[in-house]
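Chain residues, written in single-letter form:
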Amino acid sequence: MSDSILTWLQHEQFRNVVLAILSILLGFLIATLGARAVEKLFKGNFSQHHIVLFKRLIYWLVLALFIASALNQMGFSLSVILGAAGVLSVALGFASQTSASNIISGLFLIGEKPFQLGDTIKVGGTTGEVLSIDLLSVKLRTFDNLFVRIPNESLIKSEVTNLTRFPIRRFDLKLGVAYKENISQVKALLLKIADNNPLSLDEPAPIFMFLGFGESSLDIQFSVWAKRENFRELRNTLQEDIKVAFDAADIEIPFPQRSVILTQANEKQ
């Protein structure tokens, strides 16, 4: 029994299997180190999602070379494997035209760069932070911590809004005041509220616009700029400040009212 085991361990096929396993393990190590080297080399020269794609490309390319070498070491014919892979790829190509369309759309997204990793985008009714940009899809994390996968083809065909592309954003608040109010006084109060809010930017300056005469109010738009990271906090605090200041100044914010009069016609005899 021990002699047969010893003979098998000394057999050339066993040595080839061991060398193949070592080759694959070495491939994992070199692929990982190569991906890290690519990240350090390209950092600062390329965007984050380009670096991620380069890392993945180098990792799988190096690993594939070592796996091919391991298969060759074990006696597999690479020409047969490549031929089978070619036939399989043609079959998959006919069966997965949607995937091909997503890959082409992904290449367009990579080249156009409408958003990057970490940006907050809005696609249709979905808003979230970009987690990854892959060849088939883009992954988002919504504000309520949900994971959303959007196919690249859908992104190419849809309107995509990048909420964090620029360093500042404008908050447009539309409100109405009663017809009895002094519009100049309202304007001065709103500008004072914005000036006292530490999140409101002085440049660009806040904008006051008198939109017109509504059914039950004088319609106003008050626009204030803020840094993109402070936008949501500004939106909340500014509206609270306006409500408190309007109450203190006895400025009325009306709401639509309807009067319904019911009459009963005299019945003719």
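Residues numbered from 1 in each chain as written. Predicted model: local features only at pLDDT ≥ 70, side-chain atom pairs only at ≥ 80, totals over all residues. Heavy atoms only, no water.

A. Looking closely at unusual backbone geometry. In the segment running from Glu-203 into Pro-204, the intervening peptide bond is cis, with an omega of 0 degrees. Tracing the sequence through the fold places Pro-204 in the loop between α7 (183-196) and β7 (207-213). Backbone geometry places Asn-145, a non-glycine residue, at a positive phi of 65 degrees. If you trace the backbone, Asn-145 turns up in the loop between β3 (137-142) and β4 (147-151). Asn-145 gets classed as exposed once you look at its relative accessible area, which sits at 60%. The phi torsion at Asp-250 lies on the positive side, around 60 degrees, for a residue other than glycine. Structurally, the position occupied by Asp-250 is in the segment after α8 (231-248). You can call Asp-250 exposed: its relative accessible area is 63%. (Helix = DSSP H or I, 4+ residues; strand = E, 2+ residues; numbered from the N terminus. Buried < 20%, exposed > 50% of the residue type's maximum accessible area, 1.4 Å probe, protein only.)

B. Representation of the sheet that holds strand β6 (residues 168-177) in the model. The three strands are arranged β6-β8-β7 in an open sheet whose pairing can be described as antiparallel. Each of the sheet's edge strands pairs with one partner strand only, and the pair in question is β6 and β7. Geometrically, the sheet is characterised by an average inter-axis angle of 20 degrees between neighbouring strands, direction not taken into account. Two elements, β6 and strand β8 (residues 218-227), share ten bridges in a ladder whose sense is antiparallel. Paired with Arg-169 across the two strands is Ala-226, which belongs to β8. (Pairing = 2+ DSSP bridges. Axes fitted to C-alpha atoms, helices over the stretch in contact; angles between N-to-C directions.)

C. Local environment of the confidence of the model for the protein. Here the protein shows a mean pLDDT of 81. Residues at 70 or above account for 78%. Of all secondary-structure elements in the protein, the lowest mean pLDDT belongs to helix α1 (residues 2-9), at 53, while β8 reaches the highest, 96. (pLDDT = per-residue confidence, 0-100.)

D. Molecular detail of the packing of aromatic side chains. Counted under the stated rule, the structure contains three aromatic pairs. Ring geometry for Phe-171 versus Phe-231: centroids 6.2 Å apart, planes at 85 degrees, classification edge-to-face. In this pair, Phe-171 sits in strand β6 while Phe-231 sits in helix α8, placing the two residues 60 residues apart along the sequence. Residue Phe-231 is classed as buried on the basis of its relative accessible area, which comes to 7%. An aromatic cluster is present here, built from Tyr-179, Phe-210 and Phe-213 joined pairwise through their rings. A cation over a ring is seen here: Arg-169 above Phe-231, with NZ or CZ 3.8 Å from the ring centre. The lysine or arginine in question, Arg-232, covers the ring of Phe-143, its NZ or CZ lying 4.6 Å from the ring centre. (Phe/Tyr/Trp six-rings, centres within 6.5 Å; stacked < 30°, edge-to-face > 60°. Lys NZ or Arg CZ within 6 Å of the ring centre and 35° of its normal.)

E. Up close: a nonpolar patch on the surface. Together, Val-17, Val-18, Leu-19, Ile-21, Leu-22, Leu-25, Phe-28 and Met-74 make up a nonpolar patch on the protein surface, roughly 680 Å² of accessible area in all. Within the secondary structure, Ile-21 is located in helix α2 (residues 12-42). Under the relative-accessibility criterion, Ile-21 is labelled partly exposed at 46%. (Patch = residues over 30% accessible without salt bridge, like charges linked within 9 Å, V, L, I, M, F, W, Y side chains within 5 Å. Areas by Shrake-Rupley, 256 points an atom, 1.4 Å probe, with all protein chains shown as cover. Salt bridge = Lys/Arg side-chain N within 4 Å of Asp/Glu carboxyl O.)

F. Focus on the layout of surface pockets. The computed volume of the largest pocket comes to approximately 320 Å³. Along the walls of the largest pocket sit 13 residues, with Phe-143, Arg-169, Arg-228, Phe-231 and Arg-232 positioned nearest its centre. In terms of residue count, α8 provides more of the lining of the largest pocket than any other element does, four residues in total. Its residues placed into classes, the lining of the largest pocket shows three nonpolar, four polar and six charged. (1 Å grid on protein atoms, 1.4 Å probe; cavity = no way out; pocket = protein on both sides within 12 Å on 5 of 7 lines; lining within 4 Å. Points joined across faces, edges and corners; volume = space filled by probe spheres on them. Nonpolar A, V, L, I, M, F, W, Y, C, P; charged D, E, K, R; others polar.)

G. Quick look at the pattern of salt bridges. Enumeration according to the criterion identifies six salt bridges in this entry. Note that Lys-157 and Glu-153 form a salt bridge whose closest N and O atoms lie 3.1 Å from each other. Placement of both Lys-157 and Glu-153 in helix α6 (residues 152-157) is noted, with a separation of four residues, approximately one turn of the helix. For Glu-181, the salt bridge is made with Lys-180, and the minimal N-O distance between the two is 2.6 Å. The class for Lys-180 is exposed, based on a relative accessible area of 58%.

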